[in-house]
Amino acid sequence: MVPVFFSYFSLVSILAGVLTVALPNPVHCGLALLTLLLHVAGLFLLLNAEFLFVIQIIVYAGAIVVLYLFVLMLLNLKTDERVLHHRYAVILVAAAAICGGLLLMALRSPFQGAKGHAPVEAVLQDGGSYAIGITIFNEYLLQFEIVGVFLLGAIIGAIVLAKTPTAVDVEPE
Amino acid sequence: MYDLLVILIPVFPLLAVLINGLAGHRYSHHVAYRLACGSVGLSFLCSVAVFATTLRTGITREVVAYTWIFGGDLVVNLAFLIDPLTCVMLLVVTGVGLLIHLYSIGYMHGEEGFTRFFTYMNLFMVSMLLLVMGNNYLVLFIGWEGVGLCSYLLIGYYYDRVSAAKAATKAFVMNRIGDAGFLLAIFLVFVNFGTLDYTEVFARAGELSTATATAIALCLLIGAVGKSAQVPLYTWLPDAMEGPTPVSALIHAATMVTAGVYMIVRNHAIFDMAPVAMTTVAWVGGITALFAATIGLVQNDIKRVLAYSTVSQLGYMFLACGIGAYTAAIFHLMTHAFFKALLFLAAGSVIHALSGEQDIRKMGGLKARIPMTHALFLVGTLAIAGIFPLAGFWSKDEIMAHAFTHGHYALYAMAVLGALLTSFYMFRLTYLTFYGQSRVEPHVAGHIHESPGIMIKPLLVLAVLSVIGGFPGVPPEEGWFHHFLDPVTVGVLSGAAHQGATHPIVLLMVVATVIALAGWGLAHFLYSARPEAASQWAARAPAAYRTLFNKYYIDEAYDAAFVEPAKRVGRIWDWFDRTVIDGLVRGVGGMTQGGSALSTWMEKYIIYGSINVLGYANHLTARSWRRLQTGMVHHYAAIIVAGLFILLHLILLW
Amino acid sequence: MTLPLGDLVAIIPELIVATVACLVLVLDPITPPSRTHWLAWLSVASLVACFGITVSRMDATVTAFSDLMILDPYAGYWKLLLYVVTALTILLSLAYLRVERIHLGEYYGLILLSLAGMMIMVSAADLLVIYLGTELMSLSLYVLAGFKRFEVRSLEASAKYFVLGSFSSGILLYGISLLFGVAGSTRLSAIAAAVGTHGLDDPALLFAMILLVVGFGFKIAVVPFHMWTPDVYEGSPTSVTAFMAVASKAASFAAFLRVFLEGLGGLREKWYALFLVICVATLILGNVVAIVQTNIKRMLAYSSIAHAGYALIGVVVAGQAAADNETRALGLSSVMLYLAMYAFMTFGAFAVVALLRKGGLEGEEIEDFTGLAKRQPLAALLMLVFMVSLAGIPPTAGFIGKLYVFMAAVNAGLTWLAVVAVLLTAVSAYYYLRVVMVMYMREPDPSAGLVSRLTTSPALTLVLASAFAGVILLGLFPDPLVSITTSAVLPFK
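Reading the values: the criteria
- Residues numbered from 1 in each chain as written.
- Chains lettered and ligands numbered in written order.
- Predicted model: local features only at pLDDT ≥ 70, side-chain atom pairs only at ≥ 80, totals over all residues.
- Helix = DSSP H or I, 4+ residues; strand = E, 2+ residues; numbered from the N terminus.
- Buried ≥ 20, exposed ≤ 12 C-beta atoms within 10 Å, placed from the backbone.
- Contact = placed C-beta atoms within 7 Å.
- Nonpolar A, V, L, I, M, F, W, Y, C, P; charged D, E, K, R; others polar.
- Core = buried A, V, L, I, M, F, W, Y, C linked by C-beta atoms within 7 Å.
- Axes fitted to C-alpha atoms, helices over the stretch in contact; angles between N-to-C directions.
- Parallel < 35°, antiparallel > 145°, perpendicular 65-115°, else oblique.
- Left-handed = near helix turned anticlockwise from the far one by under 90°.
- Arc of directions from axis to C-beta.
- Expected span 1.5 Å × (residues − 1).
- pLDDT = per-residue confidence, 0-100.

### Looking at the overall build of chain B
Helix and strand counts for chain B come out as 29 helices and two strands. Burial analysis of chain B (654 residues in total) assigns 56% to the buried set. Looking at chain B alone, contacts between residues at least 24 apart form 80% of all its contacts between residues at least 6 apart.

### Details of the overall build of chain A
From N to C terminus, chain A includes eight helices and zero strands. Along chain A, helices and strands appear, N-terminal first, in the series α-α-α-α-α-α-α-α. Counting all 173 residues of chain A, 14% fall into the buried class. Across chain A, every contact between residues at least 6 apart in sequence was considered, and the portion connecting residues at least 24 apart equals 48%.

### Looking at the interface of chain C and chain B
Residue-level contacts link 56 residues of chain C with 55 residues of chain B. Of all the elements in the fold, those that place two or more residues in the side of chain C that touches chain B are α7 (152–183), α9 (203–220), α10 (228–235), α12 (268–291), α17 (397–411), α18 (415–440) and α20 (479–488) of chain C. Residue contributions to the side of chain C that touches chain B peak at eleven residues, all from α18 of chain C. A breakdown of the residues in the side of chain C that touches chain B according to their chemical character gives 45 nonpolar, five polar and six charged.

### Topic: the nonpolar core
Counting 481 residues, the largest nonpolar core has Ala341 and Leu342 of chain B as its most contacted members. Ranked by size, the runner-up nonpolar core spans seven residues in total, among them Cys29, Leu34, Leu36 and Leu37 of chain A.

### Observations regarding the packing of helix α6 (residues 162–193) of chain B against α18 of chain C
Contact geometry for α6 of chain B and α18 of chain C: axes closest at 9 Å, N-to-C directions at 155°. Relative to α18 of chain C, the element α6 of chain B lies roughly antiparallel. The hand of the α6 of chain B/α18 of chain C crossing is right-handed. Counting all contacts with α6 of chain B, which are made through Ala165, Ala168, Thr169, Phe172, Val173, Arg176, Ile177, Asp179, Ala180, Leu183, Leu184 and Phe187 of chain B, the residues of α18 of chain C involved are Ala418, Val419, Val422, Leu423, Thr425, Ala426, Ala429, Tyr430, Leu433 and Met437 of chain C. In terms of residue class, the contact of α6 of chain B with α18 of chain C is made up of 18 nonpolar, two polar and two charged.

### What about the environment of Leu153 of chain B?
All names here are of chain B. Position of Leu153 relative to the elements: it lies in helix α5 (residues 137–155). According to the C-beta neighbour criterion, Leu153 is buried, with 24 such atoms within 10 Å. Considered as a pair, Leu153 and Tyr120 are 33 residues apart in the sequence and their alpha carbons are 7.4 Å apart.

### Digging into helix α21 (residues 480–489) of chain B
Residue and element names in this part refer to chain B. Listed as buried for α21 are Phe481, His482, Phe484, Leu485, Val488 and Thr489. The buried residues of α21 all sit within an arc of 160° when viewed along its axis, so they share a single face. Turned more than 90 degrees from where α21 packs its buried face, Trp480 and His483 sit exposed.

### Describing helix α1 (residues 2–22) of chain A
With 21 residues, α1 of chain A extends 30 Å from end C-alpha to end C-alpha; this agrees with the ideal 30 Å at 1.5 Å per step. When we look at burial in α1 of chain A, the residues that qualify are Thr20, Val21 and Ala22 of chain A.

### Some remarks on the confidence of the model for chain B
Residues and elements named next belong to chain B. Averaged over all residues, the pLDDT of chain B is 80; the fraction at 70 or higher stands at 86%. When pLDDT is averaged over each helix and strand of chain B, the minimum, 34, is found for helix α27 (residues 616–619) and the maximum, 92, for helix α11 (residues 259–266). Confidence drops under a pLDDT of 50 for residues 492–500, and excluding neighbours within four residues, the segment shows 14 contacts in the predicted structure. pLDDT under 50 marks residues 580–631. Its contacts with residues more than four places away, or in other chains, come to 72 contacts. Interface scoring of the predicted complex returns ipTM 0.87; its pTM is 0.81.

### So, unusual backbone geometry
Note the cis peptide between Phe388 of chain B and Pro389 of chain B, where omega equals -5°. Within the secondary structure layout, Pro389 of chain B lies in the loop between α16 (371–385) and α17 (391–405). Residue Pro395 of chain C is reached from Pro394 of chain C by a cis peptide bond, and omega for that bond is 5°. If you trace the backbone, Pro395 of chain C turns up in the loop between α16 (377–390) and α17. The residue Phe65 of chain C is not glycine, and still its phi comes out positive at about 50°. Although it is not a glycine, Asp67 of chain C sits at a positive phi angle of roughly 70°. Its place among the elements puts Asp67 of chain C in the loop between β1 (62–64) and β2 (69–71). You can call Asp67 of chain C partly exposed: it has 13 C-beta atoms within 10 Å.

### Thoughts on the environment of Asn175 of chain B
Residues and elements named next belong to chain B. As for its placement among the helices and strands, Asn175 is situated in helix α6. Residue Asn175 is classed as buried on the basis of its 27 C-beta neighbours within 10 Å. A sequence separation of 30 residues divides Asn175 from Glu145, and the C-alpha atoms of the two residues are 8.8 Å apart. If we ignore the near neighbours within four places in the chain, the residues touching Asn175 are Gly148, Gly226 and Lys227.

This is the structure in structure tokens:
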């Protein structure tokens, strides 16, 4: 069954990805993106990564796509004329072919894969989420903290760029 | 004490640079020029003392002032090498430099930026002194770049003239091409010897293979060709005449442009190992000597004629280097410094008298109005034309004689022909300027006046030197000058220098004199006896005349071959970087209108998407983000991906 | 799990910078507008403290967080350089922001966060940490680029930088994930081991390597990943441009060298060729396109591309498989030296640009420098020195830097590369001296209303004096720096 599901999830992901960038109506694009994210979540499930599966759905499919849709609705974007030409199709096909070739080439390599450092018993007993927690707060603690600082920077940046200019800003020296 | 004396030589002008440069605006011009000239005067005194010591003891000294780079394999001292060659150069640089500084007080009087002028001049002196005193290639290179920079600043001194700024840039960039060669030579020396000190390099020069020696020598030659304005990098020097006349005299005649000659003589140990490079040097010199002389025949700007004659005389020095007559090269360098400085400064005096007029067609008959300047200019002309027994005769004759006695007959013929032309165009210049009918414009004619004493006195000294400057080198190849320089300049090739029989030398002297007189006679005939003949001759061969007048169209050729293509490539790339995207999108849009009917549904949507994949960001923001909407961003991204593919193919194909 | 104290001690400078960044952000709202410059001085003070700590640890090599971070002289060297550049940026901003009427306290906080990211980059020994450091640095820069919120160009620069930066980060991350797949770890040491066992022809390894080249190539702005540079440099506030051109480039070079020499050192034969091609292309394009620029910030952007090309020569030397360790170490130390020299002269040039004002707007066109020598002799002299140094004329720092790089190339037998680079240096004189020409050889045009004034303040004086001193002193006394770089490259021998 796994190969079947894998094929299904992968193919739909690719198709949804193409549609996300190809559809004319921004809201449709958002929905295609949602489809994409859900199917990627499915791939995680196939890999026994329940935690990632849940996070993928809650954060991406839930929060982020909803945010996109809100923004689209608030801005009331129109579908405007797009410029198309089939010369681009050739380029696109060529690019896809090259990318595919690259992937095949890369996949020929004997991957070792990461086995993870959490003990198997722990994973079996307490579940993957527990093991991930242990790993993040042991092995990846430093990275975790750096991500914290990074997010702080991101929030501040968003505020700075979004803030309405105050009187001080326009006042002469 | 002696070491201190040596170190002080460049330090005096440096101090003057700092004081005048930083505080020059706080005091009057009088203080500024006293400082500037005083510092050069002190340097000159130190140089004389150093020269006297060297003369007495005959030893070569190295004086370390400061250890500069330390780390890895590279240790370079800011150190000075005092040997006979350095002494001669020191005397020429500080001596002529002092005279020109004094002259400048009068010439630059009342000019705006007087203090700035002297600051640059002193900075030039510092660089030039480093150049001739350094005991290793790096100090030489620093001086080398320094004089280039000062030359740049001084050519552009009259910045209200657009041509001056252009000439300055041209000079600098052309020099940089030469410098690139020089820098490579330095790298090659370092790689082969592991050091940059002359003493060690020259001691071990014999270990070099012929190929390596040739490579180094040719790279050095490129540097020398750029700095000394030889074919094919000579075109900057005539343009450099845009600078004030004292600058032309000091930098573009007497000192900086001779740095290439000095550098070749200094490196003769390497050149001696590379016969091919030697031949190249000789031919570059010979061709330049003749080529520049032909252009000089028809120029009408008094300073440009002198500039072409400088190029031509530098060609003689290169020729001398190329045939192993190093002492003769330095000898000619010295005498040339005297008479060419004299000529330039006298020309400056003429220009001064005529309120800035430089066109010899608008001169004539000045002999009576400015007799002193006329006499001085005439001395210079006689000296450069090689009239016995002035300085130029001895040094030029020695080069030609050496070429003849060592079997370089073709070079000898070129040199003789060049000498004939030199004599001709210099007397042409003299006749057109000082004799015949006055063609001076009426509004200028009233103001003609002899220059003040501060300008004339240095000229008198130079005139005396131009007359007697050749005697240290008499008799040819056996004179006092040769014995003094021999410890430095005798190399493998020139070792056999002292066997020329006396008869041919005397004979050759006679030939040289006859040639010089012939040029004079011809000039007299054309420009004094029958003035109308000259234009008739020119009219008879218009193509030749035009070619010469336009300097063989070399400038135009360089522009077309190098400058314009480089700019065009730059513009194309710049255009690509900026607007290819814009055009692409617009062009594609145009095509679409015709072809849209053919587009299938699938194509439409896929392509649509590919163009707008990153376009959403701007839809979400203000209208003002127009440029982003031209699609630049995703084209940039596409170029990144294209780069990725190129790298991939490189890896696969390498 | 409890954090080992030793690990925290090891990253004290990073902690100080991150903490002060937060402190500045918190203090900003409660500081009266007339006192915001205190925040800048606080930031500078923290940098001075970090400088002291890093100097005191220069000789030791310590690893922390089970080899995620490494503190060796190599990292120490880069950190010192980054502190200096950041401090100069903050001081320059003090004057610049006032003139530009940017009154946001977040500015200094973001500069410090960016610095924290750079510090993590230079001392990380793990690809994931390097990636996070890069992101932290870039994210702050994206925001900083858009700080002139009333100027379209600034916003545009910010957006372009953000979109393309994210794109390149994606590529970098893809490379990292492939390496993780091959090696089973993101540690550089583990990757080096995997390279050893997999050999040179493993396709995934090669592909990952190319992706890393692209990702880092974008950060150091080399051809063909340079397209963003002129647009972003032109649009960003000039103080931020200076910071980007110098600090971000230095930090990216540092991380990039560590990854390629330590992690992918075994693939030297392969990446050597790539960098050779990129290096030559960068040198040619940077120098030639700079000739036709009329905007000084664009010109300096292309010049910074060209300078990345010169620095890459050292990387090529360091990657030469045939060369011995000595030669390769010389190549690496020449890169380190070159970037330090580059930092001072480029920063100085941007500082002068930042303070040249034309009316109420910034004087950014090269033509705006016309007759500067008459109007502002001191500013013109400083600009002259920086331009001369950028053109590589002795006895300035730029000359020493180039000398070392070219020497390394010739020493490694790459004479032809040195020839190309030297010739392009001759070309570069043309566009640098054009600035000198308009400053010194043209009369100021009074009719055009170019009443330029140099905004002066003690902080600004300090910035210009430091950059000037750096250019001159490193030119005259390069010895200390040379010996530091020489000892700092020892771990890579």
